[in-house]
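Below, each chain spelled out in residue letters.
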Amino acid sequence: MTNHIVLYEPLMPANTGNIARTCAATGSTLDLIYPLGFELSDRNMKRAGLDYWDNVNLVEHDDLNAFMATLPDTQHLYLISKFSDLVYTDQDFSDTEVDHYFMFGKETTGLPEDFMQKYHDRCLRIPMTDKVRALNLANSVAIVIYEAVRQQHFTGLEEHHVYPHDKWK
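Residues numbered from 1 in each chain as written. Predicted model: local features only at pLDDT ≥ 70, side-chain atom pairs only at ≥ 80, totals over all residues. Heavy atoms only, no water.

K.L.:
Before we go on, may I ask you to explain the overall build of the protein chain in this structure?
P.N.:
Looking only at helices and strands, the protein chain has five helices and six strands in total. Taking 15 Å as the expected radius of gyration for a compact globule of 169 residues, we find that the protein chain reaches 16 Å, a close match to that expectation. Along the first, second and third principal axes, the C-alpha set of the protein chain runs to 55 × 40 × 35 Å. Expressed as a percentage of its 169 residues, the buried residues of the protein chain come to 43%. Long-range contacts, defined here as pairs at least 24 residues apart, represent 79% of the contacts in the protein chain between residues at least 6 apart. As displayed, the protein chain offers around 9,900 Å² of accessible surface, 49% of which is attributable to carbon and sulfur atoms. In the protein chain, 14 side chains carry a positive charge and 25 a negative one; their mean positions are 10 Å apart. (Helix = DSSP H or I, 4+ residues; strand = E, 2+ residues; numbered from the N terminus. Rg over C-alpha atoms; globule rule 2.2 N^0.38 Å. Buried < 20%, exposed > 50% of the residue type's maximum accessible area, 1.4 Å probe, protein only. Contact = heavy atoms within 4.5 Å. Areas by Shrake-Rupley, 256 points an atom, 1.4 Å probe, with all protein chains shown as cover. Lys, Arg positive; Asp, Glu negative; His and termini not counted. Charge placed at Lys NZ, Arg CZ, Asp CG, Glu CD.)

Have a look at this one:
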């Protein structure tokens, strides 16, 4: 089982760098759908991801159709959008025998409307007030992926850590 964070045409390198770090922390694959609003070598993205890039399974896709062609089916594809009545915490992500794909849209315009309409039953939202247009992309990714790994009982993740010189001992 692999969790995939799928970014559709991301624009901001710092967001993508922070998301890459979250992928390294959760063992998730980072799927990037082109075009990107930056170069993968962007120093802001590298700095936001720190030295964790070697621990990120990065998969690049030429476009949305190329990404969709890699899916065995859409049963475990989830489109994260404010334009849904389904809340992400009401979805069951607990199956550790399948890959889960969490797709997030471009920072400025989200996911394409026709794509969302086609997969309206796969759309999930993060509840929020009407005082903001949207949450930060990196924050949204962290909220959703940590709900998924919680439901998966943090499989493969370290739940306890002891430093060599633990100040608590």
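K.L.:
What's the story with the pairing of strand S4 (residues 77-80) in this structure? I'm lost.
P.N.:
Along a regular strand, successive side chains alternate from one face of the sheet to the other. Burial of the side chains of S4 extends over both faces: Leu 77 and Leu 79 are buried on one face and Tyr 78 and Ile 80 on the other. Here four bridges tie S4 to strand S5 (residues 100-104), and the two strands are oriented parallel to one another. Within the sheet, the bridge partner assigned to Leu 77 lies in S5 and is Tyr 101. Note: S4 against strand S6 (residues 123-124), two bridges, orientation parallel. Bridging from a neighbouring strand, Ile 80 pairs with Leu 124 of S6. (Pairing = 2+ DSSP bridges.)

K.L.:
Looking at this model, I keep getting lost on the packing of aromatic side chains. Mind explaining?
P.N.:
Given two aromatic rings, their pairing is described by the distance between the two centres and the angle made by the two planes. Per the counting criterion, the structure on display carries five aromatic pairs. A centroid spacing of 5.0 Å and a plane angle of 85° characterise the contact between Tyr 78 and Phe 93, whose relative ring orientation is edge-to-face. Of this pair, Tyr 78 sits in strand S4 while Phe 93 is found in the loop between S4 and S5, placing the two residues 15 residues apart along the sequence. The two residues Tyr 78 and Phe 93 agree in class, both being buried. Note on Phe 115 and Tyr 119: the rings are 5.0 Å apart at their centroids and 55° apart in plane angle, and the pair reads as tilted. Its relative accessible area of 7% is what places Phe 115 among the buried residues. Through a chain of ring-to-ring contacts, three or more aromatic side chains come together here, namely Tyr 78, Phe 93 and Phe 102. (Phe/Tyr/Trp six-rings, centres within 6.5 Å; stacked < 30°, edge-to-face > 60°.)

K.L.:
Explain the nonpolar core here, please?
P.N.:
Among soluble globular proteins, nonpolar side chains are generally buried collectively. Judged by nonpolar contacts, the single largest core of 25 residues is most densely connected at Ile 5, Leu 7, Ile 19, Leu 30, Phe 102 and Phe 104. At the level of elements, strand S1 (3-8), helix H1 (13-26), strand S2 (29-33), S4, S5 and helix H5 (137-151) are the ones that each hand at least two residues to this core. Top element by residues in this core is H5. It accounts for six residues. For Ile 5, the contacting residues outside a window of four places in its chain are Ile 19, Cys 23, Ser 28, Thr 29, Leu 30, Asp 31, Phe 102, Phe 104, Val 141 and Ile 145. (Core = buried A, V, L, I, M, F, W, Y, C linked by side-chain atoms within 4.5 Å.)

K.L.:
Looking at this structure, how should I read the environment of Asn 65?
P.N.:
Relative to the helices and strands, Asn 65 resides in helix H3 (residues 64-69). Under the relative-accessibility criterion, Asn 65 is labelled exposed at 62%. For the pair Asn 65 and Ile 33, spaced 32 residues apart in sequence, the C-alpha to C-alpha distance is 9.4 Å.

K.L.:
What's the story with the packing of H1 against H5 in this structure? I'm lost.
P.N.:
To characterise two packed helices, one gives the angle between the axes of the helices and the distance between these axes. Packing of H1 against H5 leaves a shortest axis separation of 9 Å and a crossing angle of 15°. In terms of axis orientation, H1 runs roughly parallel to H5. You can see that H1 and H5 cross each other, and the crossing is right-handed. For the pair H1 and H5, the contacting residues are Asn 15, Asn 18, Ile 19, Thr 22, Ala 25 and Thr 26 in the first and Leu 137, Ala 138, Val 141, Ala 142, Ile 145, Tyr 146 and Val 149 in the second. The residue inventory of the contact of H1 with H5, partitioned by class, reads nine nonpolar, four polar and no charged. (Axes fitted to C-alpha atoms, helices over the stretch in contact; angles between N-to-C directions. Parallel < 35°, antiparallel > 145°, perpendicular 65-115°, else oblique. Left-handed = near helix turned anticlockwise from the far one by under 90°. Nonpolar A, V, L, I, M, F, W, Y, C, P; charged D, E, K, R; others polar.)

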